[in-house]
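Summary of the model geometry
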Amino acid sequence: MNEVLKISGLTKYYGKIVAIDDLSLTIEKGNVYGILGPNGSGKTTTLSIITNIIHPTKGNYTWFGEKPTPASLQRIGSLVETPTFYPYLSLYQNLQIITRIKSLPDAGINRVLGETNLLVRKHSRYNTLSLGMKQRMGLAAALLGDPEALVLDEPTNGLDPEGFAEVRELILREAHNGKTIILASHILDEVEKVCSHVAILKTGKVVAAGRVSDLLTKDDVIRITTDKPNELYEALVRGGWIKTINREGNELVLTLVKEKSSGDLNEFAFKNGFVLEKIEIVKQSLESQFLELVKETNPNSIKS
Amino acid sequence: MKKLLQIELIKTLNNSTFRVILILHFFLFLLLIYVSTKIEFSVPGFSTQNMFMFPNVWTLISWFASWFNLLFLGIIIIVLTGNEFSYKTLRMQIMNGLSRENFLFGKGFIILLIAIWGMLLILLAGSVTGIIFTSEISFQKVLDKSYLLLVYFIQAIGYMCFALMVVSIFRNNALSIMMYLLYFIMIEPIFRLFLPKVIRPFFPVKILSGLTPVPEFISITSNSTLITSSGKSQLDFDSIGILPESIPLLTSLILTIVYISLFILVVFTIIKRTDL
Ligand SMILES: Nc1ncnc2c1ncn2[C@@H]1O[C@H](COP(=O)(O)OP(=O)(O)OP(=O)(O)O)[C@@H](O)[C@H]1O
Ligand SMILES: [Mg+2]
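What counts, and at which threshold
- Residues numbered from 1 in each chain as written.
- Chains lettered and ligands numbered in written order.
- Predicted model: local features only at pLDDT ≥ 70, side-chain atom pairs only at ≥ 80, totals over all residues.
- Heavy atoms only, no water.
- Helix = DSSP H or I, 4+ residues; strand = E, 2+ residues; numbered from the N terminus.
- Buried < 20%, exposed > 50% of the residue type's maximum accessible area, 1.4 Å probe, protein only.
- Contact = heavy atoms within 4.5 Å.
- Areas by Shrake-Rupley, 256 points an atom, 1.4 Å probe, with all protein chains shown as cover.
- Salt bridge = Lys/Arg side-chain N within 4 Å of Asp/Glu carboxyl O.
- Core = buried A, V, L, I, M, F, W, Y, C linked by side-chain atoms within 4.5 Å.
- Domains from an automatic or database assignment.
- Near = heavy atom within 4 Å.
- Polar contact = N/O pair within 3.5 Å; in protein donor to acceptor, adjacent residues only side chain to side chain.
- Nonpolar A, V, L, I, M, F, W, Y, C, P; charged D, E, K, R; others polar.
- Pairing = 2+ DSSP bridges.
- Axes fitted to C-alpha atoms, helices over the stretch in contact; angles between N-to-C directions.
- Expected span 1.5 Å × (residues − 1).
- Buried area = accessible area lost by both parts, 1.4 Å probe.
- Patch = residues over 30% accessible without salt bridge, like charges linked within 9 Å, V, L, I, M, F, W, Y side chains within 5 Å.
- Parallel < 35°, antiparallel > 145°, perpendicular 65-115°, else oblique.
- Left-handed = near helix turned anticlockwise from the far one by under 90°.

1. Observations concerning the overall build of chain B
For chain B, the helix and strand inventory stands at 12 helices and 0 strands. In chain B, the succession of helices and strands from N to C terminus is α-α-α-α-α-α-α-α-α-α-α-α. Residues counted as buried form 47% of the 276 residues belonging to chain B. For chain B, contacts bridging at least 24 residues in sequence account for 82% of all contacts bridging at least 6. For chain B, the accessible surface area stands at approximately 13,300 Å², while carbon and sulfur atoms represent 73% of it.

Written as structure tokens, this is what we have:
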């Protein structure tokens, strides 16, 4: 079973506000799955449901291919919205509560405090931490017991640039070790740099989902100037290379089908005796797509 | 189960509000008993000393202790549980795989431990006072009425379960404490007045507080003074609910257990449903 999390038709109403609307996603083992969306698009709501904090109005989800139980959450490390701990307990005592819940040895506590640079504050009360340290403490708690999957809601919230880079590295390292990571963020750059997959949310609906690389290259526009534009046009279309193509004077403006890259195109032209005077790739960034996808953001729909 | 207890002990024993309330409880309770032994008023035919002898000392001290149940133990439970909502730590624990039921079992452990603590305190205070004041101690005198310890224990659990229910409903310390106290001292007593006499004795406050009734000595003296001073009949006192009830203790105990089950049922239903 490679499905770590499967969400089907999840819907949550807050009174008349529709926070998420018929949301479905499948996240497989080893994915670093970004959930990207502007403020209020339903990221936290989604993560709160899959961590059993709130009840969905409709729909269901499975963890590790099974109906979720509190025990399935013991295999997951999560940080949803802001970290929450007992303010009057030390970091160590707070983490002891989690090791008791998850039946873990206390030995792991020092490891995660070390990984998040909090070891020197081990015996400080939680409420004496700075904002960024609290965020790190949230991450430390999520990492306890080396869980199979991590659910992280804006984990870089409140961190300094160094912390930012550290968290990013940490996520990549965990991903490299085969962990499944679900990362909610409204920062495109973050998702682009660390995620393998992304689902883009807009007012509680998935507007696009897939591999980050697919979403990125999908609409790359290639501009070619060649000595024989008509012939090349013909050859490319006949060879099944083309998704869209236009002639602008001597220039061909085209997008390729998924299977082909601009490198392949170069090679093909060379082998068939076309001289490419210019080949220019206009990468359409995820950002412009993201903005396009979420523009005209309406206020959350109201249940009728 | 052992883990649940450990979790609850880490949270509770390190909580300064909890420590302060418990220490206050300890000292004020002993102080109250000490001071009461110093007060002397004589009514013909009664001796104050009599209240502090075995077995009457159990009645007196469990009555004193029942006030602390309302004011201290119930409020401890509100604070401890209310914090789980305001610090959002209940949410944190659920997210890490604790079930809502187990969270409540943890709170149940604390309720039991606190009730045992209260009972031990009565045992200690009652034994010492009794030994000091009783001239001829016999085994039988000591044991007679010592069942009140168990009655107190059940009453303490009743108050704390009620408090747990109130805080589950309001999820806010200040509001919960207010509603909890108001219910005991105003809402239910006033509400009762509008109902037929036959059902009045069966309300939770009436049943719970009736478990440890005002010791006869005090009730008779206060009763007699009030009758003479204002000329009112005893019937009015009955209806306001100051005087001990006529319901037999065993019936009260059974009803208390029914109420406790009801409170627990409500708490489970609410906690299972709420979004955190
Ligand atoms: N407790 C609540 N009561 C009422 N409405 C809520 C509640 N929580 C969330 N909402 C609404 O649900 C919608 C989705 O909120 P959510 O917190 O999931 O967004 P988000 O994507 O996490 O946003 P952000 O990037 O700001 O964290 C918003 O319109 C929000 O106002
Ligand atoms: Mg959010």
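So, next bit.
2. What about the pattern of salt bridges?
All names here are of chain A. For the structure on display, the rule yields 23 salt bridges over all chains. For the salt bridge of R168 with D189, the shortest nitrogen-to-oxygen distance reads 3.8 Å. With R168 in helix α6 (residues 161-176) and D189 in helix α7 (residues 188-194), this pair connects stretches of sequence that are 21 residues apart. For D189, the salt bridge goes to K193, with nearest N and O atoms at 2.8 Å. Of this pair, D189 and K193 are both found in helix α7, 4 residues apart, which corresponds to roughly one turn of the helix. Take K193: its relative accessible area is 46%, and that puts it in the partly exposed class. Because the salt bridges share partners, they merge into one network encompassing R223, E251, K278 and E280.

3. Examining the nonpolar core
Grouped together as the largest cluster of nonpolar side chains are 118 residues, with contacts concentrated most on L95(A), M137(A), L152(A), F29(B) and Y180(B). If near-sequence neighbours (up to four positions away) are discounted, F29(B) is found in contact with L24(B), I61(B), F64(B), A65(B), F68(B), L121(B), I122(B) and A125(B). Among the nonpolar cores identified, the runner-up in size contains 28 residues, and I7(A), L10(A), V151(A) and L201(A) belong to it.

4. Things to note about the domain arrangement of chain A
According to the domain assignment, chain A contains domain 1 (3-215) and domain 2 (221-283). Domain 1 of chain A and domain 2 of chain A are separated by 43 Å when their C-alpha centres are compared.

5. With respect to the site of ligand 1
Residues and elements named next belong to chain A. Around ligand 1 sit 12 residues, and of these N39, G40, K43, T44 and T45 come closest. Between ligand 1 and the protein, one listed contact pairs an oxygen atom with a backbone N or O atom of S41 at 3.2 Å. The side chain of K43 places a nitrogen or oxygen atom 2.7 Å from an oxygen atom of ligand 1. In the shell around ligand 1, the residues fall into 3 nonpolar, 7 polar and 2 charged.

6. Digging into the sheet that holds strand β3 (residues 32-36) of chain A
Consider a sheet: its strands pair through backbone hydrogen bonds, and that pairing is either parallel or antiparallel. Residues and elements named next belong to chain A. Taken in spatial order, the 6 strands of this open sheet run β5-β6-β7-β3-β8-β9, and their pairing is mixed. Each having just a single partner strand, β5 (76-79) and β9 (205-211) make up the two edges of the open sheet. Averaged over all pairs of adjacent strands, the angle between their axes in this sheet comes to 10°, without regard to strand direction. Here 5 bridges tie β3 to strand β7 (residues 180-185), and the two strands are oriented parallel to one another. Note on β7: the bridge partner recorded for V32 is I181. Lying over the sheet, α6 contacts β3, β6 (149-153) and β7, oriented at roughly 150° with respect to β7.

7. Description of helix α2 (residues 16-38) of chain B
All names here are of chain B. A rise of 1.5 Å per residue sets the reference length of α2, with its 23 residues, at 33 Å; its end C-alpha atoms lie 33 Å apart and thus fit the reference within 8%. Along α2, the residues that are buried comprise F18, I21, L22, H25, F29, I33, S36 and T37. Residues of α2 that are buried in the fold lie against α1 (2-13), α3 (56-86) and α5 (100-133). The backbone nitrogen of T17 has a side-chain oxygen 2.9 Å away, supplied by the residue at the start of α2, namely N15.

8. Observations concerning the interface of chain B and chain A
With 26 residues of chain B at the contact, the number on the chain A side is 28 residues. Around 2,600 Å² of area is buried between chain B and chain A when both sides are counted, 59% of it from carbon and sulfur atoms. Taken together, the connections running from chain B to chain A amount to 1 salt bridge. K12(A) is paired through a salt bridge with D275(B); the nearest N and O atoms lie 2.6 Å apart. For the pair chain B and chain A, the interface holds 16 residue pairs in polar contact (both at pLDDT 80 or more). Secondary structure elements with two or more residues in the side of chain B that touches chain A: α1, α4 (89-95) and α12 (249-273) of chain B. Counting residues per element, the side of chain B that touches chain A draws most heavily on α4(B), at 6 residues. For the side of chain B that touches chain A, the residue count by class is 8 nonpolar, 9 polar and 9 charged.

9. Digging into a nonpolar patch on the surface
There is a patch of nonpolar side chains on the surface, built from V20(B), L24(B), L28(B), L31(B), Y34(B), V35(B) and I39(B) and spanning about 630 Å² of accessible area. Locating L24(B) in the fold gives a position in helix α2.

10. With respect to the packing of α1(B) against α5(B)
Residue and element names in this part refer to chain B. Running from N to C, α1 and α5 point in directions that differ by 65°, and their axes come no closer than 9 Å. In terms of orientation, α1 and α5 fall into the roughly perpendicular class. Of the two possible hands of crossing, α1 and α5 adopt the one that is right-handed. Of the residues in α5, those in contact with L4, L5, E8, L9, K11 and T12 of α1 are N102, F103, F105, G106, K107, F109, I110 and L113. The class makeup of the residues in the contact of α1 with α5 is 8 nonpolar, 3 polar and 3 charged.

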